Amino acid sequence: MMKNAATKVITGKNTRFSYCSVWEPKSINGGDPRYSVSLLIPKSDKDTVAKIHAAIEAAYREGEAKLKGKGSLPPLSALKTPLRDGDTERPDDPTYAGCWFLNANNDRAPGIVDAACSPILDRSEVYSGCYGRASISFFAFNSNGNRGIACGLNNLQKLRDGEPLGGRASAEADFSGLDDDEELLG
């Protein structure tokens, strides 16, 4: 992945993290294990969206030779790009309503810090549903007939908690209000 300021973006503070695999790499579809996160960016965050579009354009220009391969350079509009519209691609999921989203990944673990830029060591602090900023980089790829622009995950900064995503209840929610004298059913 190229480290170029033109292809790097720091998202806005209202970015929501989803599908967090930032502590342990996971294999997707049998591929090599990677650290990853889906970033939900409110459509109202026009500054971040403009930076992402500019970084995708820069990655396209930097990757022209790779994208050409042995043929001609396809137009950017014909390539796979990472920024997607939550309203059209996930219309039945209210989490994605009014958001753009993209998936960022890397074979190296991201640095993860809090609002004061102190490292977060407690894995339960960063989860699908919390909010923060992400440092991401865009790059061209041409592999097995697939060409496009991908998004690499650099680092994360958690800024605040949010409703956990994924439908899992907390231990507090599961057990609060139970009578301590209830017998276990077995």
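Being a predicted model, the structure only gives us computed values, none of them experimental. (Residues numbered from 1 in each chain as written. Predicted model: local features only at pLDDT ≥ 70, side-chain atom pairs only at ≥ 80, totals over all residues. Heavy atoms only, no water.)

To continue, consider the overall build of the chain. Looking only at helices and strands, the chain has four helices and eight strands in total. In the chain, the succession of helices and strands from N to C terminus is β-β-β-α-α-β-α-β-β-β-β-α. The dimensions of the chain, computed from C-alpha atoms along their principal axes, are 75 × 40 × 30 Å. Counting across all 186 residues of the chain, residues that qualify as buried make up 38%. Taking the contacts inside the chain whose residues are at least 6 apart along the sequence as the reference set, 69% of them involve residues at least 24 apart. Roughly 11,100 Å² of accessible area belongs to the chain as shown, and the carbon and sulfur atoms make up 50% of that amount. Positive and negative charge centroids in the chain, built from 23 and 25 side chains respectively, lie 16 Å apart. (Helix = DSSP H or I, 4+ residues; strand = E, 2+ residues; numbered from the N terminus. Buried < 20%, exposed > 50% of the residue type's maximum accessible area, 1.4 Å probe, protein only. Contact = heavy atoms within 4.5 Å. Areas by Shrake-Rupley, 256 points an atom, 1.4 Å probe, with all protein chains shown as cover. Lys, Arg positive; Asp, Glu negative; His and termini not counted. Charge placed at Lys NZ, Arg CZ, Asp CG, Glu CD.)

With that out of the way, let us pick up the pairing of strand S3 (residues 34–42). Taken residue by residue, a regular strand's side chains alternate between the two faces of the sheet. Taking burial as the measure, the nine residues of S3 include eight buried ones, the bulk of the element. Relative to S3, strand S2 (residues 15–26) is paired through five bridges, and the arrangement is antiparallel. Within the sheet, the bridge partner assigned to Ser 18 lies in S3 and is Ser 38. (Pairing = 2+ DSSP bridges.)

Glancing now at helix H1 (residues 46–62). Here H1 contains 17 residues, and its C-alpha end-to-end distance of 24 Å stays within 8% of the 24 Å for a straight helix at 1.5 Å per residue. Turning to H1, its buried residues number three or more, namely Thr 48, Val 49, Ile 52, Ala 55, Ile 56, Ala 58, Ala 59 and Tyr 60. For H1, the elements touching its buried residues are strand S1 (8–10), S3, helix H2 (64–68), strand S5 (99–106), strand S7 (131–143) and strand S8 (146–160). (Expected span 1.5 Å × (residues − 1).)

For Ser 36, the position within the fold is in strand S3. Relative accessible area serves as the criterion here: at 13%, Ser 36 is assigned to the buried category. The residues contacting Ser 36, other than those within four sequence positions of it, are Tyr 19, Cys 20, Ser 21, Val 22, Ile 28, Ala 104, Asn 105 and Leu 153.

Membership of the largest hydrophobic core comes to 32 residues, with the highest contact counts inside it found for Leu 102, Ile 136, Phe 138 and Ile 149. Elements with a minimum of two residues in this core: S2, S3, H1, S5, S7 and S8. With six residues, H1 is the single largest residue contributor to this core. Residues contacting Leu 102, with those up to four places away along its chain left out, are Val 37, Ser 38, Leu 39, Ile 41, Ile 52, Pro 82, Leu 83, Ile 136, Phe 138 and Cys 151. (Core = buried A, V, L, I, M, F, W, Y, C linked by side-chain atoms within 4.5 Å.)

The subject of this paragraph is the pattern of salt bridges. For the coordinates displayed, the defined rule picks out eight salt bridges. The closest approach of N and O atoms between Asp 107 and Arg 108, which form a salt bridge, is 4.0 Å. Of the charged contacts in the structure, one is a salt bridge between Lys 158 and Glu 125, with a shortest N-O distance of 3.2 Å. Of this pair, Lys 158 sits in strand S8 while Glu 125 sits in the loop between strand S6 (111–113) and S7, and the two are 33 residues apart along the sequence. Among the residues examined, Lys 158 registers a relative accessible area of 7% and is labelled buried. A relative accessible area of 35% means that Glu 125 is categorised as partly exposed. Connected through salt bridges with shared partners, the residues Lys 43, Asp 85 and Asp 87 form a single ionic network. (Salt bridge = Lys/Arg side-chain N within 4 Å of Asp/Glu carboxyl O.)

Functional significance is not addressed by these values, which are geometric in nature.
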